[in-house]
Amino acid sequence: MIEFKLPSLGADMDEGKLLQWNVKAGDKVKRGDLVAVVETPKAAVDIEIWQDGVVHELITQPGTTIPVGTVMARLIGEGEAPLAAAPAPERRPASPAARKHARELGVDVEKLTGTGPHGAVTVEDVDKAAKPAAPADRTAEMRKAIAAAMSRSKREIPHYYLSETVSLERAAAWLEAENARRPLPERMLMAVLYLKAVALACKAYPDMNGHYVDNAFRPANSVHVGVAISLRQGGLIAPAIHEVEKLPLPELMKKLADLVKRARAGSLRSSEMSDPTITVTNLGEGGVQTVFGIIYPPQVALVGFGSVSRAPAPTVVASLAADHRVSDGHRGALFLAEIAKLLQQPETL
């Protein structure tokens, strides 16, 4: 029997609310299927499953808020014999007091899910149905989650910071020429070159790419770049584009545009939220010259790019926030220099 548990979708997530199941008992599922939608402080996220099997039972009911790690469903693995479902406990009727209270408030007691012993409907259940809780302020909840994660980061991670002014003369000229021969929907942004340069630099300096877990650094085999995205309603989210080091620039541009669109529409996948190995933030559009970010745990580095200066030639300030438990200033400087070198060779990205 396979237990399907609520995954952690980031350091700022302790619990989630199940909004809906996309499967039912008896359905066959395979790795990567989207089986549920869970609301987090930042977004409603499509939850993927990572085993093949058949859904045996759905344990968590929609509308329920549960801690990370809670068993939500059970599956029968390939080759396992089907199991008889456990008989559901007999539901007790609502108490006379609850029924009377429901009539007074105009609530249909038969449609309520009871929280009393054996599912009995209580007076408190009737009150909740009659006066639904006001919807949570998503922006306020997001700010609270961000504050918790960043406080943890500054408390646990010994940050160091570096910056370097990088020439974009060759990159800007190459990008202008490349876009001139492309139809408008296929044109690329400078941000795509930033992402690819960071990913390739991570392959040369793997101590910038991975997670610090259980007092040890675990380097990642691939570079899953978390892209910091500002949401229109306020707040910030940084889902991942996977294996950026392997993506041609046009494909990377498509993935970036799709990720931004889905992030702002609240339609992200759990894998995009749970496994970034390094984060890139680009505040150039806001006119900021330099950005020094806070590392998102359990990652060990964050790269920032400011606005492009045009005089006398295009340049950008690239910054690095890194974890002193894993690397030092010398390695960080070499890493930034590698990014700068790669941006001088845009045709090789």
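Below is a short write-up of the structure. (Residues numbered from 1 in each chain as written. Predicted model: local features only at pLDDT ≥ 70, side-chain atom pairs only at ≥ 80, totals over all residues. Heavy atoms only, no water.)

1. Quick notes on the side chain of Glu338
(1) Moving on: Looking at where Glu338 falls in the secondary structure, it is placed in helix α8 (residues 329-343).
(2) Moving on: What makes Glu338 buried here is its relative accessible area of 16%.
(3) Moving on: Once residues lying within four places of it in the same chain are set aside, the contact partners of Glu338 are Ala201, Ala204 and Tyr205. (Helix = DSSP H or I, 4+ residues; strand = E, 2+ residues; numbered from the N terminus. Buried < 20%, exposed > 50% of the residue type's maximum accessible area, 1.4 Å probe, protein only. Contact = heavy atoms within 4.5 Å.)

2. Digging into the sheet that holds strand β5 (residues 44-48)
Two orientations exist for strands paired in a sheet by backbone hydrogen bonds: parallel and antiparallel.
(1) Moving on: Judged by pairing direction, the sheet is mixed, and its five strands sit side by side in the order β7-β2-β4-β5-β16 without closing on themselves. The sheet terminates laterally at β7 (65-67) and β16 (268-269), the two strands that pair on one side only.
(2) Moving on: As paired strands, strand β2 (residues 15-21) and strand β4 (residues 34-39) are joined by four bridges and run antiparallel to one another. Looking at β4, one finds that Gln20 is bridged to Val37. (Pairing = 2+ DSSP bridges.)

3. A short note on the sheet that holds strand β17 (residues 278-282)
(1) Moving on: Pairing is mixed across the open sheet formed by six strands, whose spatial order is β9-β19-β18-β17-β12-β15. The sheet is open, and its two borders are formed by β9 (159-167) and β15 (240-241), each paired with just one other strand.
(2) Moving on: Strand direction decides the pairing type here: β9 and strand β19 (residues 315-323), joined by nine bridges, are antiparallel. Its bridge partner being in β19, Tyr161 is matched across the sheet by Ala321.

4. Section: the packing of helix α1 (residues 96-105) against helix α2 (residues 123-130)
(1) Moving on: Packing of α1 against α2 brings their axes to within 8 Å, and their N-to-C directions diverge by 20°. Regarding the angle of α1 to α2, the classification is roughly parallel. Handedness of the α1/α2 crossing: right-handed. On α2, the residues that touch Ala97, Ala98, His101, Ala102 and Leu105 of α1 are Val123, Val126, Asp127 and Ala130.
(2) Moving on: Residues that form the contact of α1 with α2 fall into these classes: seven nonpolar, one polar and one charged. (Axes fitted to C-alpha atoms, helices over the stretch in contact; angles between N-to-C directions. Parallel < 35°, antiparallel > 145°, perpendicular 65-115°, else oblique. Left-handed = near helix turned anticlockwise from the far one by under 90°. Nonpolar A, V, L, I, M, F, W, Y, C, P; charged D, E, K, R; others polar.)

5. Some points on the packing of aromatic side chains
Aromatic rings in a pair are described by how distant their centres are and how their planes are angled relative to each other.
(1) Moving on: Throughout the structure, instances matching the rule amount to four aromatic pairs.
(2) Moving on: On the basis of an interplanar angle of 85° and a centroid distance of 5.8 Å, the ring pair of Tyr161 and Phe292 is categorised as edge-to-face. Placement of Tyr161 in strand β9 and of Phe292 in the loop between β17 and β18 (301-305) is noted, with a sequence separation of 131 residues between them.
(3) Moving on: Between the aromatic rings of Tyr205 and Phe335, the centroid separation amounts to 6.5 Å while the plane-to-plane angle is 75°, which identifies the pairing as edge-to-face. Within this pair, whereas Tyr205 is found in the loop between α5 (190-204) and β10 (210-213), its partner Phe335 is found in helix α8, the two being separated by 130 residues in sequence.
(4) Moving on: The residue whose ring lies beneath Arg325 is Tyr212, and the NZ or CZ to ring-centre distance is 3.8 Å. (Phe/Tyr/Trp six-rings, centres within 6.5 Å; stacked < 30°, edge-to-face > 60°. Lys NZ or Arg CZ within 6 Å of the ring centre and 35° of its normal.)

6. Side note on the nonpolar core
(1) Moving on: Counting 78 residues, the largest nonpolar core has Phe305, Phe335 and Ile339 as its most contacted members.
(2) Moving on: Of the residues forming this core, the biggest block, eleven residues, is contributed by α5.
(3) Moving on: For Phe335, the residues in contact, after removing those within four places along its chain, are Val198, Ala201, Cys202, Tyr205, Met208, Ile278, Val303 and Leu320.
(4) Moving on: Grouped together as the second largest cluster of nonpolar side chains are eight residues, Ala102, Val107, Val109 and Val126 included. (Core = buried A, V, L, I, M, F, W, Y, C linked by side-chain atoms within 4.5 Å.)

7. Side note on helix α6 (residues 249-265)
In an α-helix, one full turn covers 3.6 residues, which means residues spaced three or four apart are oriented alike.
(1) Moving on: The first and last C-alpha atoms of α6 sit 24 Å apart over 17 residues, in line with the 24 Å expected at 1.5 Å per residue.
(2) Moving on: Listing the buried residues of α6 in full gives Leu249, Leu252, Met253, Leu256, Leu259, Arg262 and Ala263.
(3) Moving on: Positive phi shows up at Gly266, right after α6, with a value of about 70°. (Expected span 1.5 Å × (residues − 1).)

8. Overview of the pairing of β17
(1) Moving on: Buried residues dominate β17, accounting for four of its five residues.
(2) Moving on: Judged from the three bridges that link them, strand β12 (residues 225-227) and β17 form a sheet pairing that is parallel. Within β17, the position partnered with Val227 by the bridge is Val280.
(3) Moving on: Two elements, β17 and β18, share four bridges in a ladder whose sense is parallel. Of the residues in β18, the one forming a bridge with Val280 is Val303.

9. Thoughts on the pattern of salt bridges
(1) Moving on: Going through the model one piece at a time under the given rule, you end up with 15 salt bridges.
(2) Moving on: Between Glu272 and Arg262 there is a salt bridge; the shortest N-O distance is 2.6 Å. In this pair, Glu272 is assigned in helix α7 (residues 270-274) and Arg262 in helix α6, connecting sequence segments ten residues apart.
(3) Moving on: We classify Glu272 as buried; its relative accessible area is 8%. (Salt bridge = Lys/Arg side-chain N within 4 Å of Asp/Glu carboxyl O.)

10. Quick notes on the environment of Ala171
(1) Moving on: In this fold, Ala171 is placed in helix α4 (residues 169-180).
(2) Moving on: On the accessibility criterion, Ala171 (0% relative accessible area) is buried.
(3) Moving on: Put simply, Ala171 and Ser309 are 138 residues apart on the chain and 13 Å apart in space, counted from C-alpha to C-alpha.

11. What to know about α5
(1) Moving on: Spanning 15 residues, α5 covers 22 Å between terminal C-alpha atoms, matching the ideal 21 Å at 1.5 Å per step.
(2) Moving on: The element α5 is largely enclosed, with a buried count of twelve among its 15 residues.
(3) Moving on: For α5, the full list of buried residues reads Met190, Ala191, Val192, Leu193, Tyr194, Leu195, Lys196, Ala197, Val198, Ala199, Ala201 and Cys202.

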